[in-house]
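Listed below are the residues making up each chain.
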Amino acid sequence: MKLYSIREHPEYIPAMLESLENHWPACMPWIKKHMEKVLRTKGPLPEAYIAVKGDRVVGGYTLAIQEILWSKKKGLWIATLYVDPAFRGRHLSPVLLDHARRRGWELGFPRIYLASEHSNYYEKFGFHTIGPDASDWGEPTRMFEHTTLPGPYGRTA
């Protein structure tokens, strides 16, 4: 499996959107808007990454800077972390989460956030709940936080 930046490999966008549409139809307006923003933006953020095995998109995630709801401070968020149902249970989520944490470190962020309705899932990867959140598509969620992860390259502490 390989991870690619959508900005560097936009040819994967249709396959990614098709896969997401089948499983997260309520999120699609936000996801499509985010993909357009990724392609229009020259800087490092927002960004989207996809996991490809062979010629199939099997997962991915996006990175964006958003407000932390109750503080009005901005933070780095993992959004739309996704693993194709046929590839779940193959330890792809920790690979994607570690990649996101390392990118966060490279970009100079000490912490990274995500929102999810899942209980007892992201905690397995060291994330901890820091409060409630509200999604753009109306489902109640919880907000999670973790530190970024120094990588073998990028900035030094």
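Residues numbered from 1 in each chain as written. Predicted model: local features only at pLDDT ≥ 70, side-chain atom pairs only at ≥ 80, totals over all residues. Heavy atoms only, no water.

Draft legend 1. Up close: the nonpolar core. Ranked by size, the top nonpolar core spans 21 residues in total, and within it Tyr 61, Leu 63, Ile 78 and Phe 127 carry the most contacts. Of all the secondary structure elements, the ones that give two or more residues to this core are β2 (47–53), β3 (56–67), β4 (74–83), α3 (92–106) and β5 (111–116). Those residues within four positions of Tyr 61 in sequence are excluded, and the remaining contacts are Ala 48, Tyr 49, Ile 78, Ala 79, Thr 80, Leu 81, Leu 96, His 99, Ala 100 and Arg 103. Ranked by size, the runner-up nonpolar core spans 18 residues in total, among them Met 16, Leu 17, Met 35 and Ala 79. (Core = buried A, V, L, I, M, F, W, Y, C linked by side-chain atoms within 4.5 Å. Buried < 20%, exposed > 50% of the residue type's maximum accessible area, 1.4 Å probe, protein only. Helix = DSSP H or I, 4+ residues; strand = E, 2+ residues; numbered from the N terminus. Contact = heavy atoms within 4.5 Å.)

Draft legend 2. Seen up close, the environment of Leu 96. Mapped onto the secondary structure, Leu 96 falls in helix α3. We classify Leu 96 as buried; its relative accessible area is 0%. Residues Leu 96 and Tyr 61, spaced 35 residues apart in sequence, show a C-alpha to C-alpha distance of 7.2 Å. Discounting chain neighbours no more than four positions away, the residues touching Leu 96 are Leu 3, Ala 51, Gly 59, Gly 60, Tyr 61, Leu 81, Tyr 82 and Val 83.

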